[in-house]
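Residue strings, one per chain:
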Amino acid sequence: MTSEAGTGSTRPELVIVTGMSGAGRSTTANVLEDSGWYVVDNLPPQLLVSLADLANGEGRTAHLPRIAAVVDVRARGFFAHLQTALNELRLRDWHPNLVFLDATDEALVRRFESVRRPHPLQGQGRLLDGIVRERELLADLRSVADVVIDTSGLNVHQLSKKVHPVFAGSSGPKVRIAVMSFGFKYGVPLDADFVFDLRFLPNPFWIPELRNFTGQDAPVAEFVMGQEGAGEFVDRVVALMEPVVAGYVREGRRYATIAVGCTGGKHRSVAVAEALRTHLASDDVATFVVHRDLGQE
């Protein structure tokens, strides 16, 4: 989001990216750069205020409408000062959006093992010890983040597609809603703001001629949305989100994730997620869909 400087000029949009090591900060930084953001990686938190002042200073030689700082435990002792820096920025009438990247311990262990690198907080202990230590260190920060993005089970391309709408800028719709389909057998998404269970609908998996299709295919979508209660469910979720979106606009929140789940994340949740994407979209709301577990089976 943007704010007005004392001189009447428009301040740059400021995003701070943090989160668990191995959760995708580098990929997110690349997405930001590709989207036209000025990105500073591994910035000591004490320099956040200086970066903001530099970007907003009258003497700046380059126009920086959107800046992002990646801050993480690589800063070691500096990291404890992040909250202080955030408070100072708000006192100066900046409104930074704090984005926290997270993933399950299992996913993080798998990623570190694949690149054969130690965790930055591992020390002489096990890889999992470093992950646990970092999660404890960041628990309070995660709880106050404006956006939490769960990258578990996502490859680089899927993560890029998921995070890109978060950084689309402040013009256009005021709130962006990700509608995520998932399978309960693979776990509930960590970053879901709202979770709905679609297992009250008949499962197309048990119909031989539909089993090999997905909720993106017309035969399955028509079957699912033709079931008693499916249309009413979509209508009521849309109605539920109306006061939520209004509240998000008042509070300056710009992003939310609605997760709809079925057993395997292939049929019912996919079809309903596609329907919700269409029905939730408005002048104030931009929607996009993420099918987390499609292709798992």
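Residues numbered from 1 in each chain as written. Predicted model: local features only at pLDDT ≥ 70, side-chain atom pairs only at ≥ 80, totals over all residues. Heavy atoms only, no water.

Focus: the UniProt feature "binding site: GTP" (unreviewed entry) in the chain
Item 1. According to UniProt, the "binding site: GTP" (unreviewed entry) feature falls on Asp72, Val73, Arg74 and Ala75.
Item 2. Along the polypeptide, Asp72 turns up in the loop between β3 (66-70) and α3 (82-91). (UniProt positions renumbered as here; feature names shortened; annotations may be inferred. Helix = DSSP H or I, 4+ residues; strand = E, 2+ residues; numbered from the N terminus.)

With respect to the environment of Leu47
Item 1. Turning to its location among the elements, Leu47 is positioned in the loop between β2 (38-40) and α2 (48-56).
Item 2. Accessibility expressed as a relative area gives 41% for Leu47, which makes it partly exposed. (Buried < 20%, exposed > 50% of the residue type's maximum accessible area, 1.4 Å probe, protein only.)

Digging into the packing of helix α8 (residues 218-225) against helix α10 (residues 268-280)
Item 1. Here α8 crosses α10 at 80°, and the two axes come no closer than 9 Å. The angle between the axes of α8 and α10 places the two elements in the roughly perpendicular class. Within the contact between the two elements, α8 uses Ala221, Val224 and Met225 and α10 uses Arg268, Ala271, Val272 and Ala275.
Item 2. Its residues assigned to classes, the contact of α8 with α10 comprises 6 nonpolar, no polar and 1 charged. (Axes fitted to C-alpha atoms, helices over the stretch in contact; angles between N-to-C directions. Parallel < 35°, antiparallel > 145°, perpendicular 65-115°, else oblique. Contact = heavy atoms within 4.5 Å. Nonpolar A, V, L, I, M, F, W, Y, C, P; charged D, E, K, R; others polar.)

Focus on the sheet that holds strand β7 (residues 194-197)
Item 1. If you walk across this open sheet you meet the 4 strands as β7-β8-β6-β9, and the pairing is parallel. Both edges of this open sheet fall to β7 and β9 (285-291), since each of them pairs with a single strand only. Direction aside, neighbouring strands of the sheet carry axes that sit 20° apart on average.
Item 2. The strands touched by α10 within the sheet are β6 (175-183), β8 (255-262) and β9, with β9 carrying the most contacts at an inclination of about 170°. (Pairing = 2+ DSSP bridges.)

Some points on the confidence of the model for the chain
Predicted coordinates in regions of low pLDDT should not be interpreted in detail.
Item 1. Across the chain, pLDDT averages 85, with 90% of residues at or above 70.
Item 2. Of the regions scoring below 50 in pLDDT, residues 1-9 engages in 26 contacts with residues more than four places distant in sequence or in other chains. (pLDDT = per-residue confidence, 0-100.)

Some points on the pattern of salt bridges
Item 1. Under the criterion given, the structure shown has 10 salt bridges.
Item 2. A salt bridge links Arg92 to Asp53, with the shortest nitrogen-to-oxygen separation between them at 2.7 Å. Of the two residues, Arg92 sits in the loop between α3 and β4 (97-102) while Asp53 sits in helix α2, which places them 39 residues apart along the sequence.
Item 3. Judged by relative accessible area, Arg92 falls into the partly exposed class, the value being 34%.
Item 4. In this structure, Arg277 and Glu274 form a salt bridge, with 2.5 Å as the shortest nitrogen-oxygen distance. (Salt bridge = Lys/Arg side-chain N within 4 Å of Asp/Glu carboxyl O.)

So, the packing of helix α4 (residues 105-115) against helix α5 (residues 127-143)
Item 1. Contact geometry of α4 with α5 gives a least axis separation of 10 Å together with a crossing angle of 130°. Taken together, α4 and α5 sit at an angle that is classed as oblique. For the pair α4 and α5, the sense of crossing is right-handed. Here α4 contributes Asp105, Leu108, Val109, Phe112 and Glu113 to the contact with α5, which in turn contributes Leu127, Leu128, Ile131 and Arg135.
Item 2. Here the contact of α4 with α5 is composed, by residue class, of 6 nonpolar, no polar and 3 charged. (Left-handed = near helix turned anticlockwise from the far one by under 90°.)

What about the side chain of Glu274?
Item 1. Tracing the backbone through its elements, the reader meets Glu274 in helix α10.
Item 2. Among the polar contacts listed, one links the side chain of Glu274 to the side chain of Arg277, at a separation of 2.5 Å.
Item 3. Those residues in contact with Glu274 that sit more than four places away from it in its chain are Gln216, Val289 and His291. (Polar contact = N/O pair within 3.5 Å; in protein donor to acceptor, adjacent residues only side chain to side chain.)

Details of the sheet that holds β3
Item 1. Strand order in the open sheet formed by 5 strands is β2-β3-β1-β4-β5, and the pairing between neighbours is parallel. The two strands at the open ends of the sheet, each matched to only one other strand, are β2 and β5 (147-150). Across the sheet, the mean angle from the axis of one strand to that of its neighbour is 20°, orientation sign disregarded.
Item 2. Strands in contact with α2 are β1 (13-19), β2 and β3; relative to β3, the strand with the most contacts, it is inclined by about 165°.

Structural notes on unusual backbone geometry
Item 1. Here the phi dihedral of Asp93 falls at roughly 70°; this positive angle occurs in a residue that is not glycine.
Item 2. Here Asp93 shows up in the loop between α3 and β4.
Item 3. Within the chain, Arg116 stands out as a residue other than glycine whose phi angle is a positive 55°.
Item 4. Relative to the helices and strands, Arg116 resides in the loop between α4 and α5.

Points about the environment of His119
Item 1. For His119, the location among the structural elements is in the loop between α4 and α5.
Item 2. The spatial distance from the C-alpha of His119 to the C-alpha of Asp129 is 8.9 Å, given a sequence separation of 10 residues.
Item 3. In this view, His119 contacts Ser21, Phe112, Leu127, Gly130, Ile131 and Glu134; residues no more than four positions away in its chain are not counted.
Item 4. Polar side-chain contacts of His119 include one of 2.9 Å to the backbone nitrogen of Leu121.
Item 5. Among the polar contacts made by the side chain of His119, one reaches the side chain of Glu134 at a distance of 2.7 Å.

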